[in-house]
Amino acid sequence: MESPEIAAEDSGLIGCFYGYSVTLASFGFFLLLQRLVKCYAIPDWLDEAERWRWNNVLLSLIHAIIIGVWTLSCFWLYPEITDDLIGIKNLYIYTAISFSTGYFASDSFDFIISGHVRERWPIAVHHVVVLWIFLYNLTHCTCLGYTIVALTVEINSVFLHLRKLMKIAKVRRENLAYRANAVATLLTIVTCRFTALGWVSHGIATSYHRFSAFYLYPLSVSVAVMWVLYIVSFHNILTAEFLSKDKKPESRAHSVDGAGPVANGTSNFRGKSE
């Protein structure tokens, strides 16, 4: 098995200049993508608030798909990651973290310029903590393995964001695709979020002496908060989708099963920016 230490061909690239360059490029990529989505991929029957939310969630979905595949490929291509989650240095892994940092920065920027920070402050706080930890990883080139483990939660985020988009589009809960996605959401909360958080928690408990205090304290607090949030999220989705008997009928105006724009093929997306 190859050593988890930095490969010779990577040694000249891994570092702040490369990491921040990829982060900046990713930031610009998601800003451009945001503009394209706003111009061409927002259903025209949504109100202003829903248009912003659709745009934001769709970008989050794209990031989740890219990083979800990327993290899985990290473990497939470099199984030695698990030998030393703190000390491993690998350009492919480092680039994934840099790319994801750019997304969280662009999403935070979007919250600020759109005036949604106050109403979505829990997500804004989450992004600040994530950026703190990721930038520490990029600057000091350490704990990259644990960050990749943490990013496997994006696999679950794919289904969470799909669920949000379906709800915005007023897809009926009886719809087969909606039900399948609800099941996948719950399964991946357990297999991805709980597993990743448990892995990171174990690392904090057993290897805390290898972390700097500057990194350990915010990481420990964020992990404790995430345990609460993930459990609450699992309970809420399980209750809403499978245990609740209060199933209010969805409006047929925008339902994929009804006669609304999703079903009848009328103009669904705006062809130009509002």
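Engineer: Looking at this structure, how should I read the packing of aromatic side chains?
Structural biologist: Each pair of aromatic rings is reported with the distance of its centres and the angle of its planes. In the structure shown here, the tally under the stated rule is 20 aromatic pairs. Between Trp70 and Tyr92, the aromatic rings sit 5.8 Å apart at their centres with planes inclined by 50°, giving tilted as the arrangement. With Trp70 in helix α2 (residues 48-77) and Tyr92 in helix α3 (residues 91-114), the pair connects residues that are 22 residues apart, well separated along the chain. Under the relative-accessibility criterion, Trp70 is labelled buried at 16%. Judged by centre distance (5.8 Å) and plane angle (45°), the ring pair of Trp70 and Phe99 falls under tilted.

Engineer: Sorry, what's going on with the confidence of the model for the protein here?
Structural biologist: Averaged over every residue, the pLDDT of the protein is 85; residues scoring 70 or more account for 85%. This stretch, residues 1-6, has a pLDDT under 50; its non-local contacts, to residues over four places away or in other chains, come to 16 contacts.

Engineer: Explain the environment of Ser108 to me, please; I cannot follow it from the model alone.
Structural biologist: Position of Ser108 among the secondary structure elements: in helix α3. Not counting residues within four places of it along the chain, the set of residues in contact with Ser108 comprises His127 and Leu131. Engagement of the side chain of Ser108 in a polar contact is seen with the backbone oxygen of Phe104, the distance being 2.8 Å.

Engineer: Any chance you could explain the packing of α2 against helix α5 (residues 144-151) here in plain terms?
Structural biologist: One can describe the packing of α2 onto α5 by two numbers: an axis separation of 9 Å at closest approach and a directional angle of 130°. One element, α2, and the other, α5, form an angle in the oblique class. For the crossing formed where α2 meets α5, the hand is left-handed. Residues Ile67, Thr71, Cys74 and Phe75 of α2 touch α5, and the partners they reach there are Ile148, Val149 and Leu151.

Conventions and cut-offs
Residues numbered from 1 in each chain as written. Predicted model: local features only at pLDDT ≥ 70, side-chain atom pairs only at ≥ 80, totals over all residues. Heavy atoms only, no water. Phe/Tyr/Trp six-rings, centres within 6.5 Å; stacked < 30°, edge-to-face > 60°. Helix = DSSP H or I, 4+ residues; strand = E, 2+ residues; numbered from the N terminus. Buried < 20%, exposed > 50% of the residue type's maximum accessible area, 1.4 Å probe, protein only. pLDDT = per-residue confidence, 0-100. Contact = heavy atoms within 4.5 Å. Polar contact = N/O pair within 3.5 Å; in protein donor to acceptor, adjacent residues only side chain to side chain. Axes fitted to C-alpha atoms, helices over the stretch in contact; angles between N-to-C directions. Parallel < 35°, antiparallel > 145°, perpendicular 65-115°, else oblique. Left-handed = near helix turned anticlockwise from the far one by under 90°.

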